[in-house]
Amino acid sequence: MASVAAPLKWRYAGLGLCEKEWFMKNSRSCPVCNTGSDKAKLFIDKNINLAKLSSFSFASRKEPEYMCHRLVQCPNCDLVYADQPPGEEELAHAYHAADYDSSEEANDAAKAYILAMRPTLDKLARRQSALEIGTGTGIFLECLSREGFTELVGVEPSSAAIAAAPEYRRAWIREGMFEKKDFAPGSFDLICCFMTMEHVRDPEMVASAAFHLLRPGGAFVTVTHDYRSFVNRLLGRRSPIIDIEHMQLFSERSVRYLFESAGYADVTVSAFANTYSLRYWMRLAPLPRGVKSAASSFAAALGMDNVKLKINVGNLTTSGFKHV
Ligand SMILES: [Zn+2]
């Protein structure tokens with residue numbers, strides 16, 4: 001397996017810059033409300049095992065590893081964030097080279113998103129052009145085409161994800177990180193960003209850029225983890241949200257703050273349930289590997305591993321409109 005973590009390893013190993021200098025250079029204030037990190041309180045300490053970093057560490061679907069940057073909690077907007085994250089370049093490199101573990105789960109997720117955003121779709125001024133930030137193989141764009149959207153664009157940094165997309169969807173996907181300047185202002189009716197706001201270096205920039213790119217009457221929709229949800233509080237350090245990929249973690253209050261400060265109106269935040277196969281739920285479960293594989297074999301022997309289960313795992317869907 002190719003190691004994408006080379007730049008991260010290089011930095012963390014302190015070659016060239018000593019660790020303290022590097023962190024000082026890269027420390028940031030709250031990426032939603034800009035309150036200084038000196039006001040924030042520690043949420044969870046850094047846990048990075050360089051030997052275990054691999055290209056799958058930056059793939060979207062994988063075994064939980066429980067590695068994370070140091071995370072602090074903002075007293076003003078409630079965001080939990082890495083105050084010493086890797087730089088833009090390292091992130092772009094890690095995602096560009098990330099392995100893509102493509103599977104039916106992406107399909108299940110896309111269906112759940114359409115279902116969860118039904119009220120937003122119904123309220124849109126029109127359904128013509130849509131942009132998805134972090135589109136993966138473009139599966140969700142295909143769902144949007146079935147909803148009547150005719151101009152579809154997805155942005156995706158992972159070349160492996162794009163390579164895994166079927167030919168007809170590849171035409172919709174632009175490879176790279178999302179940048180506002182790549183699109184015309186006021187040109188989209190809908191902009192979506194699912195399970196990606198945690199990964200970007202500047203979520204406030206993404207929310208504001210989306211606002212700028214929307215037509216009046218259009219909507220921005222995100223799906224984010226909710227660190228305050230019951231399941232995530234219960235699992236604590238063993239929650240799959242504790243992940244080296246996550247530059248920040250939202251709660252209901254912080255995601256609302258993000259939308260409202262970017263100018264959105266009619267902001268709604270709601271919890272929703274994901275539907276996945278029992279096999280996938282077991283892969284995510286915070287259990288020792290041996291226990292998981294025994295349980296998976298048992299379920300497979302009973303022919304139950306494909307059974308779909310709907311579970312609220314502490315995700316939030318948020319939508320906001322650009323007023324006419
Ligand atoms: Zn804040």
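1. Re the confidence of the model for the chain
Thought 1: Averaged over every residue, the pLDDT of the chain is 83; residues scoring 70 or more account for 78%.
Thought 2: Of the regions scoring below 50 in pLDDT, residues 1-17 engages in 37 contacts with residues more than four places distant in sequence or in other chains.

2. Points about the pattern of salt bridges
A side chain with one charge may pair with a side chain of the opposite charge, provided their charged atoms come close.
Thought 1: Enumeration according to the criterion identifies 15 salt bridges in this entry.
Thought 2: Among the salt bridges present, the one from Arg-70 reaches Asp-83, with a minimum N-O distance of 2.5 Å. Of the two residues, Arg-70 sits in the loop between strand 1 (41-44) and strand 2 (71-73) while Asp-83 sits in the loop between strand 3 (80-82) and helix 3 (88-96), which places them 13 residues apart along the sequence.
Thought 3: According to the relative accessible area criterion, Arg-70 is partly exposed, its value standing at 29%.
Thought 4: The class of Asp-83 is buried, set by a relative accessible area of 4%.
Thought 5: For Arg-170, the salt bridge is made with Glu-167, and the minimal N-O distance between the two is 3.9 Å. One end of the pair, Arg-170, and the other, Glu-167, are both in helix 8 (residues 167-170), three residues apart, so they sit about a helical turn from each other.
Thought 6: Classification of Arg-170 by relative accessible area gives partly exposed; the value is 33%.
Thought 7: For Glu-167, a relative accessible area of 61% translates into the label exposed.

3. Re the nonpolar core
Thought 1: Counting residues in hydrophobic clusters, the biggest one holds 36 residues, and the most contacted among them are Leu-131, Phe-178, Ile-191, Phe-220 and Tyr-264.
Thought 2: At the level of secondary structure, the elements contributing two or more residues to this core comprise strand 4 (129-133), strand 5 (151-156), strand 7 (188-194), helix 9 (203-213), strand 8 (214-225), helix 11 (252-261) and strand 10 (265-277).
Thought 3: With five residues, helix 9 is the largest single contributor of residues to this core.
Thought 4: Not counting the four nearest positions on each side in its chain, Ile-191 is found in contact with Leu-131, Ile-133, Ala-210, Leu-213, Leu-214, Ala-219, Phe-220 and Val-221.
Thought 5: Of all hydrophobic cores here, the second largest spans 26 residues; its members include Tyr-113, Phe-140, Leu-144 and Cys-192.

Parameters at a glance
Residues numbered from 1 in each chain as written. Predicted model: local features only at pLDDT ≥ 70, side-chain atom pairs only at ≥ 80, totals over all residues. Heavy atoms only, no water. pLDDT = per-residue confidence, 0-100. Contact = heavy atoms within 4.5 Å. Salt bridge = Lys/Arg side-chain N within 4 Å of Asp/Glu carboxyl O. Helix = DSSP H or I, 4+ residues; strand = E, 2+ residues; numbered from the N terminus. Buried < 20%, exposed > 50% of the residue type's maximum accessible area, 1.4 Å probe, protein only. Core = buried A, V, L, I, M, F, W, Y, C linked by side-chain atoms within 4.5 Å.

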